[in-house]
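Listed below, chain by chain, are the residues.
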Amino acid sequence: MKITGAKQISKKISKKIGEYNFEVGVLQNAPKKLPKKGGTKNFAGLTISAIGKTSPKVSLAEVAKYNDDKFGWLKKPFKISQNKDVLKVVNEIASQVFGKKSLDNKRLENGVQAVIRNPILRGDYGSNAESTIKFKGFDKLGVHTAQLFKAIKAKRL
């Protein structure tokens, strides 16, 4: 059996999927605030350090670059073929491309954001060093005051 028009359909699908471009990371830079000595707050089921004064030396973008260079936290999640967060975004895009769902940019942006954020919450990058655990008072690699975590945003271009 020969399917006619397969090339045209394939081109249309490729063009539609190619329209889904995102930017993700720290999209709005801000000064990093230092942890408040002895202060804590609850975040995502964790007790983390409260936020204190603004650091005159470091911005969130600089912290993001350092963490990406060291841990690959911005690129690595997209390279894992069985990453369930990536698969959810791909399924959402496919549903929109094939008309099963109406276009919802915010939903897609939240999904792309989750690709970066969820591995941090799950602890996929491992544990803090003992000295860091002692300093922070808890073991959650990538989270100290949650400033950087909250600054991770996605935007459809």
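Residues numbered from 1 in each chain as written. Predicted model: local features only at pLDDT ≥ 70, side-chain atom pairs only at ≥ 80, totals over all residues. Heavy atoms only, no water.

Here the focus is the overall build of the protein. When you go through the protein residue by residue, the secondary structure sums to seven helices and four strands. Of the regular secondary structure in the protein, the N- to C-terminal order runs α-β-β-β-α-α-α-α-α-α-β. Burial statistics for the protein: of 157 residues in total, 34% are counted as buried. Across the protein, contacts joining residues at least 24 apart in sequence account for 64% of those joining residues at least 6 apart. For the protein, the accessible area works out to roughly 10,500 Å², and carbon and sulfur atoms hold 55% of it. (Helix = DSSP H or I, 4+ residues; strand = E, 2+ residues; numbered from the N terminus. Buried < 20%, exposed > 50% of the residue type's maximum accessible area, 1.4 Å probe, protein only. Contact = heavy atoms within 4.5 Å. Areas by Shrake-Rupley, 256 points an atom, 1.4 Å probe, with all protein chains shown as cover.)

Let's shift gears to the packing of aromatic side chains. Taken as a whole, this structure holds one aromatic pair when the rule is applied. Here Phe43 and Phe149 contribute two aromatic rings whose centre-to-centre distance is 5.4 Å and whose plane-to-plane angle is 75°, an arrangement assigned as edge-to-face. With a gap of 106 residues between them, Phe43 in strand β2 (residues 31-43) and Phe149 in helix α7 (residues 147-151) connect regions that are remote in the sequence. Overall, the relative accessible area of 15% leaves Phe43 in the buried class. In this structure Phe149 comes out as buried when scored by relative accessible area, which is 6%. (Phe/Tyr/Trp six-rings, centres within 6.5 Å; stacked < 30°, edge-to-face > 60°.)

Below, the discussion takes up the layout of surface pockets. As a volume, the largest pocket reaches approximately 610 Å³. Along the wall of the largest pocket there are 28 residues; nearest its centre are Val63, Asn67, Gly142, Val143 and His144. Listed by contribution, the elements that provide at least two residues to the lining of the largest pocket are β2, β3 (46-59), α2 (60-71), α6 (130-136) and α7. Of the residues forming the lining of the largest pocket, the biggest block, six residues, is contributed by α2. Listing elements by their share of the lining of the second largest pocket, those giving two or more residues are β1 (22-26), α4 (84-97) and α5 (105-122). Per-element accounting of the lining of the second largest pocket gives the leading share, five residues, to α4. (1 Å grid on protein atoms, 1.4 Å probe; cavity = no way out; pocket = protein on both sides within 12 Å on 5 of 7 lines; lining within 4 Å. Points joined across faces, edges and corners; volume = space filled by probe spheres on them.)

Where β2 meets β3, seven bridges bridge the pair, whose relative direction is antiparallel. Looking across to β3, one finds that Lys41 is bridged to Ile48. Hairpin connection between β2 and β3: a loop of two residues separates the two successive antiparallel strands, and Ala44 in this loop has a positive phi of roughly 50°. (Pairing = 2+ DSSP bridges.)

Nonpolar side chains in soluble globular proteins tend to end up buried together. Grouped together as the largest cluster of nonpolar side chains are 19 residues, with contacts concentrated most on Val26, Ile48, Trp73, Ile120 and Leu148. When residues of this core are traced back to their parent elements, those giving at least two are α2, α5 and α7. Leaving out residues up to four positions away in the same chain, Val26 has contacts with Leu60, Ala61, Ala64, Leu148 and Ala151. Grouped together as the second largest cluster of nonpolar side chains are nine residues, Tyr20, Val89, Val97 and Ala154 included. (Core = buried A, V, L, I, M, F, W, Y, C linked by side-chain atoms within 4.5 Å.)

End to end, α2 covers 16 Å across twelve residues, agreeing with the expected 16 Å (1.5 Å per residue, within 8%). Those residues of α2 that fall on the buried side of the exposure criterion are Leu60, Val63, Ala64, Asn67 and Asp68. Projected down its long axis, α2 carries its buried residues within an arc of 130°, all on one side. More than 90 degrees from the buried face of α2, the exposed residues found are Lys65, Asp69 and Lys70. Where the residues of α2 are buried, they touch β1, β2, β3 and α7. Looking one or two places after α2, you find Gly72, whose phi comes out positive at around 70°. (Expected span 1.5 Å × (residues − 1). Arc of directions from axis to C-beta.)

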